[in-house]
Amino acid sequence: MAHEEKKLKLYSYWRSSCSCRIRIALNLKGLEYQYIPVNLLKGEQFSPEFQKLNPIGYVPVLVDGDIVISDSFAIFMYLEEKYPQHPLLPSDLQKKALNFQAANIVCSSIQPLQNLAKYIEEKASPDEKIPWAKRHIEKGFEALEKLLKDHAGIYATGDEVFMADLFLAPQVHAGIKRFNVDMAKFPLLSRLNEAYSELPHFQNAMPENQPDSPSAWGTC
């Protein structure tokens with residue numbers, strides 16, 4: 001029981017790409033954690049209990065003893081400093097900055113606009129939902145292709161897995177599975193996606209493999 005109380009707790013939603021980034025980081029660092037599902041479709045993020053953890057009502061939230069952290073970027077940086085095993089940021093300053101750039105394109109220039117798709121569906125037309133999301137995802141993917149073309153190796157910024165990969169993998173997965181993005185237009189990202197598909201720590205963190213995923217209940 002004492003071990004259970006000390007374990008990291010991750011409040012997560014199976015389809016959340018922000019949560020997926022942190023699931024990958026925890027896996028790569030070999031950190032055991034308790035998965036606590038938050039059903040966004042049922043509005044559990046607005047419960048008083050969850051609002052105490054994150055007043056804005058977003059996942060993921062990481063609880064490490066008395067420390068509570070929300071926002072995937074902040075959680076990533078916390079994990080990187082507190083649990084330095086398997087570093088996910090390179091020591092080279094230029095390469096580190098490149099990882100920050102790629103991660104920020106995903107979390108600042110793609111995802112917020114992609115997530116407006118539901119608002120567009122409600123306020124404009126259901127027919128506009130997917131085209132809206134695809135437009136902004138593809139714009140971001142075009143930028144990422146240009147940013148990484150002279151730096152990528154096996155992975156996004158070389159031959160080791162770093163921060164950029166953790167942000168890219170869930171976004172590419174969502175682009176393909178949820179928004180029907182034609183990845184033939186993005187050969188570098190397609191190649192990286194194939195590389196991620198061979199990494200168990202990545203695949204174990206993907207949406208369909210989470211305990212709150214509909215596929216885990218035997219439905220689609």
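Everything below is about the structure printed above this text.
Residues numbered from 1 in each chain as written. Predicted model: local features only at pLDDT ≥ 70, side-chain atom pairs only at ≥ 80, totals over all residues. Heavy atoms only, no water.

Q: Explanation requested: the overall build of the protein in the structure shown.
A: A count of helices and strands for the protein gives 10 helices and four strands. Helices and strands in the protein line up, N terminus first, as α-β-α-β-α-β-β-α-α-α-α-α-α-α. Burial analysis of the protein (220 residues in total) assigns 49% to the buried set. In the protein, of all internal contacts separated by at least 6 residues, the share reaching a separation of at least 24 is 66%. As displayed, the protein offers around 11,400 Å² of accessible surface, 54% of which is attributable to carbon and sulfur atoms. (Helix = DSSP H or I, 4+ residues; strand = E, 2+ residues; numbered from the N terminus. Buried < 20%, exposed > 50% of the residue type's maximum accessible area, 1.4 Å probe, protein only. Contact = heavy atoms within 4.5 Å. Areas by Shrake-Rupley, 256 points an atom, 1.4 Å probe, with all protein chains shown as cover.)

Q: So what exactly am I meant to see when it comes to the sheet that holds strand β4 (residues 67–70) here?
A: Adjacent strands of a sheet pair through backbone hydrogen bonds, lying either parallel or antiparallel. If you walk across this open sheet you meet the four strands as β2-β1-β3-β4, and the pairing is mixed. Each end of this open sheet is capped by a strand with a single partner; those strands are β2 (33–37) and β4. When the angles between neighbouring strand axes are averaged without regard to direction, this sheet yields 20°. Here strand β1 (residues 8–12) pairs with strand β3 (residues 61–64) via three bridges, running antiparallel. Among the inter-strand pairings, Leu10 is bridged to a residue of β3, identified as Leu62. Sitting on the sheet, helix α2 (residues 17–28) is in contact with β1 and β2, with an inclination near 155° to β1. This element, helix α4 (residues 72–82), spans β3 and β4 of the sheet and lies at about 135° to β4. (Pairing = 2+ DSSP bridges. Axes fitted to C-alpha atoms, helices over the stretch in contact; angles between N-to-C directions.)

Q: What exactly am I supposed to notice about the pattern of salt bridges here?
A: Should their charged atoms come close, side chains of opposite charge can pair. This structure, assessed with the given rule, holds four salt bridges. One salt bridge in this structure joins Lys29 and Glu80, with 2.9 Å as the shortest N-O distance. Linking Lys29 in the loop between α2 and β2 with Glu80 in helix α4, this pair joins segments that are 51 residues apart in sequence. Both residues of the pair, Lys29 and Glu80, belong to the buried class. (Salt bridge = Lys/Arg side-chain N within 4 Å of Asp/Glu carboxyl O.)

Q: Any chance you could explain the state of the cysteines here in plain terms?
A: Disulfide: a covalent bond formed between the sulfur atoms of two cysteine residues. Taken as a whole, this structure holds zero disulfides when the rule is applied. For the unlinked cysteine Cys20, the closest cysteine sulfur is that of Cys18, found at 9.9 Å. A residue is classified by how much of its surface remains accessible, and Cys20, at 1% relative accessible area, is buried. Between Cys107, a cysteine without a disulfide, and Cys18, which holds the nearest cysteine sulfur, the sulfur-to-sulfur distance is 7.7 Å. (Disulfide = S-S within 2.5 Å.)

Q: Looking at this model, I keep getting lost on the pairing of β4. Mind explaining?
A: Each regular strand carries side chains that alternate between the two faces of the sheet. Two strands pair when backbone bridges link them, and β3 and β4 are joined in this way by four bridges, in the antiparallel orientation. When the sheet's bridge partners are listed, Asp64 is paired in β4 with Ile67. Once β3 ends, the chain turns through two residues before running back antiparallel as β4, passing Gly65 with a positive phi of about 65°.

Q: Mind showing me how you'd approach the side chain of Asn99 here?
A: The topology assignment puts Asn99 in helix α5 (residues 93–114). For Asn99, the residues in contact, after removing those within four places along its chain, are Leu89, Pro90, Thr157, Phe162, Met163 and Ala164.

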